[in-house]
Amino acid sequence: METPSYVPVPPGVGMEDNFFSLDDILLSHERLPSRMECLFPRLGFLEKSSDSRDIQEGTKMEMPLFLAKGLYERKRRVVSVELPKVYKEGWRTVFSADPTVVDLHKMGPYYYGLGSQMLHFDSPENPEIAQAILQCCAEWPPGGAIGSNMLGHFQKLMSVSPCLPLSWMKSNIMTFIGRFRRTMDSSQNAYNEDTSALVERLDYLERALFKAGQSGLNSFQCWERGRASTLTASSLVLNYRKRKITDLQP
Amino acid sequence: MDPSEVEFLAEKEVVKIIPNFSLDKIYLIGGDLGPFNPGMPVEVPVWLALNLKQRQKCRIVQPEWMDVDKLEEIRDLERKEETFTPVPSPYYMELTKLLLNHASDNIPKADEIRTLVKDIWDTRIAKLRLSADSFISQQEAHAKLDNLTLMEINTTRSFLLNSLNCMYKLRSNLQPGSSRGKSQDY
């Protein structure tokens with residue numbers, strides 16, 4: 001049985017990221033548009049566009065996710081983080097229309113992960129986004145893809161506080177579901193062919209799924225063709241080269 | 001799970017053979033086999049049947065369901081029904097492959113049987129994919145997998161489990177306050 005010599009740690013996907021996951025580490029470097037709410041003395045070097053020593057209050061700049069997460073506080077407002085373009089309403093309508101046509105890899109390869117991480121920054125004072133999201137929520141057909149009791153739950157939440165992240169999380173899930181069929185079909189049918197064209201539009205999360213589907217298909221096909229019964233050398237052994245004495249001695 | 005492991009499990013199934021040698025009863029941990037008399041049909045596990053067959057010590061009698069008429073019936077039923085229909089054997093795919101590869105001279109119309117079983121398999125896999133899709137799109141929490149065989153579950157297991165895992169995580173984001181408000185240490 002083929003066991004890989006290295007099993008990567010899966011990404012956390014939810015609000016909690018996985019400390020050991022390489023994907024989550026890369027994800028934490030995604031840039032977020034943000035606005036400084038107070039003066040940052042002597043940190044001007046962080047902002048490349050200006051030469052001043054300090055970062056002035058009200059400066060708009062992009063900062064990586066890990067920095068924004070560390071600086072963001074709900075009580076004392078130091079920075080306010082805006083939604084990246086992909087999660088805004090314009091794109092959300094695109095996703096709800098037909099999620100399969102969107103090139104998620106181009107839209108930031110960690111679409112789902114970043115979307116979940118954006119839940120850390122709920123900004124209820126951001127009226128226009130909250131408005132847009134309320135509209136978006138009202139536009140969801142009741143009893144459609146999401147159960148109507150769930151929807152009622154959402155609307156109740158929305159009316160109590162314009163807690164905006166929920167609706168884009170919903171569109172996140174709907175995007176995932178809408179694209180699921182295609183990911184599944186392409187991963188379970190592409191046997192012995194070049195899959196780069198199939199995966200190039202997939203998010204990293206979907207790529208991992210695609211790989212899982214491919215491994216299932218490939219091992220079954222291998223068995224069916226009777227190749228599973230022939231013994232092969234382990235890839236570890238094949239990759240193992242004898243050490244030369246000259247390499248070991250300084 | 002690897003398909004070859006499923007095949008290993010399938011080799012425990014019982015099949016009827018007609019030996020051409022005589023041997024007393026043999027006592028194994030898994031049960032007693034035999035006695036073997038020339039020309040007298042006896043039931044043995046598939047692994048032993050294949051071993052004896054390879055040494056040309058027996059003739060394998062095909063299982064009852066491995067018959068063109070019966071398989072055609074099953075195939076038509078499978079195509080007609082929306083849900084999965086009961087299969088003749090929980091290891092139909094593995095047994096067909098094992099028996100047809102090693103003992104195709106004992107089984108009449110081997111090629112037709114192979115095609116029919118492959119047809120049944122393809123129909124069932126298409127159904128499985130369809131139901132997985134509707135399972136995901138309706139965001140169901142549980143499903144009942146009646147009449148599915150181990151091999152069929154095995155081909156889609158890792159994909160389905162991984163995607164359900166992702167779904168669960170994305171959905172748990174929707175629960176307000178589930179992990180919100182936890183202290184963050186940076």
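Residues numbered from 1 in each chain as written. Chains lettered and ligands numbered in written order. Predicted model: local features only at pLDDT ≥ 70, side-chain atom pairs only at ≥ 80, totals over all residues. Heavy atoms only, no water.

**Student:** Let's hear about the overall build of chain B: which residues, and what values?
**Tutor:** Regarding its fold elements, chain B presents 6 helices and 5 strands. The N-to-C order of helical and strand elements in chain B reads α-β-β-β-β-α-β-α-α-α-α. Buried residues in chain B amount to 44% of all 186 residues. Summarising the internal contacts of chain B: among those between residues at least 6 apart in sequence, 69% fall at separations of at least 24. (Helix = DSSP H or I, 4+ residues; strand = E, 2+ residues; numbered from the N terminus. Buried < 20%, exposed > 50% of the residue type's maximum accessible area, 1.4 Å probe, protein only. Contact = heavy atoms within 4.5 Å.)

**Student:** If you had to explain the nonpolar core to someone new, which residues and values would you point to?
**Tutor:** Residues and elements named next belong to chain B. I17, F36, I60, L71, Y92 and I113 are the most contacted members of the largest nonpolar core, which totals 44 residues. Sort the elements by how many residues they give to this core and helix α5 (residues 110-137) lands first, with 8 residues. The residues contacting I113, other than those within four sequence positions of it, are Q62, M66, V68, L71, T96, L100, I107 and P108. (Core = buried A, V, L, I, M, F, W, Y, C linked by side-chain atoms within 4.5 Å.)

**Student:** Quick rundown of the pattern of salt bridges? Include the residues and the values.
**Tutor:** Within the structure shown, the criterion is met by 13 salt bridges over all chains. Several salt bridges share partner residues, and in doing so they unite R75, D76, R79 and D119 of chain B into one network. (Salt bridge = Lys/Arg side-chain N within 4 Å of Asp/Glu carboxyl O.)

**Student:** Before we move on, could you go through the side chain of T149 of chain B and cite the residues and values that matter?
**Tutor:** Residue and element names in this part refer to chain B. Mapping T149 onto the fold places it in the loop between α5 and α6 (150-172). Exposure remark for T149: the relative accessible area of 4% places this residue in the buried category. Non-local contacts of T149, meaning those with residues more than four positions away in its chain, are made with V87, S89, P90, Y92 and R124.

**Student:** Which residues make up unusual backbone geometry, and what are the values?
**Tutor:** In this model, R42 of chain A sits at a positive phi of 60°, which is unusual for a non-glycine residue. Here R42 of chain A is to be found in the loop between β1 (31-36) and β2 (60-64). Its identity as a non-glycine residue notwithstanding, K109 of chain B has a phi of 55°, on the positive side. Here K109 of chain B shows up in the loop between α4 (92-103) and α5.

**Student:** If you had to explain the confidence of the model for chain B to someone new, which residues and values would you point to?
**Tutor:** Summarising the model, chain B shows a mean pLDDT of 85, and 92% of its residues fall at 70 or more. Between residues 178-186 of chain B, whose pLDDT stays under 50, and residues either more than four places distant or in other chains, the model counts 14 contacts. (pLDDT = per-residue confidence, 0-100.)

**Student:** Lay out the environment of I173 of chain A in plain terms, naming residues and giving numbers.
**Tutor:** All names here are of chain A. As for its placement among the helices and strands, I173 is situated in helix α7 (residues 165-189). Using a relative accessible area of 1% as the deciding quantity, one classes I173 as buried. Separated by 61 residues in sequence, I173 and Y112 have C-alpha atoms that sit 8.4 Å apart.

**Student:** Describe the pairing of strand β1 (residues 14-19) of chain B, and please don't skip the residues or the numbers.
**Tutor:** Pairing of β1 of chain B with strand β4 (residues 42-45) of chain B, which is carried by 4 bridges, proceeds in the antiparallel orientation. Opposite I17 of chain B, over in β4 of chain B, you have V42 of chain B as the bridge partner. (Pairing = 2+ DSSP bridges.)

**Student:** Just give me the short version of the environment of A97 of chain A, but keep the residues and values in it.
**Tutor:** All names here are of chain A. Tracing the chain through its elements places A97 in helix α3 (residues 89-97). The exposed category is assigned to A97, whose relative accessible area is 63%. Once the C-alpha coordinates of A97 and T175 are considered, the two residues, 78 residues apart in sequence, prove to be 9.6 Å apart.

**Student:** Please set out the sheet that holds β1 of chain B residue by residue, giving values where relevant.
**Tutor:** Residues and elements named next belong to chain B. As summarised here, the arrangement of the 3 strands in space is β4-β1-β5, forming an open sheet in which the pairing is antiparallel. The open sheet is flanked by β4 and β5 (58-61), the only strands paired with a single partner. Pairwise comparison of adjacent strand axes, ignoring direction, gives a mean angle of 45° for this sheet. Note that β1 and β5 share 4 bridges and pair antiparallel. Bridging from a neighbouring strand, P19 pairs with C58 of β5. Strands β1, β4 and β5 of the sheet are contacted by helix α2 (residues 46-54), whose axis makes an angle of about 105° with β4. (Axes fitted to C-alpha atoms, helices over the stretch in contact; angles between N-to-C directions.)

**Student:** Go over α6 of chain B with me, naming the residues and quoting the values.
**Tutor:** A bend of about 55° at R157 of chain B is the largest found in α6 of chain B. Those residues of α6 of chain B that fall on the buried side of the exposure criterion are M151, E152, N154, T155, T156, F159, S163, C166, M167 and L170 of chain B. (Bend = angle between axes of the 7 residues up to and from the residue.)

**Student:** Tell me about the pairing of β1 of chain A, and please be specific about residues and values.
**Tutor:** Residues and elements named next belong to chain A. Across the two faces of β1 the burial differs, with L32, S34 and M36 buried and R31, P33 and R35 not buried at all. By the bridge criterion, 5 bridges tie β1 to β2 in an arrangement that is antiparallel. When the sheet's bridge partners are listed, P33 is paired in β2 with E62.

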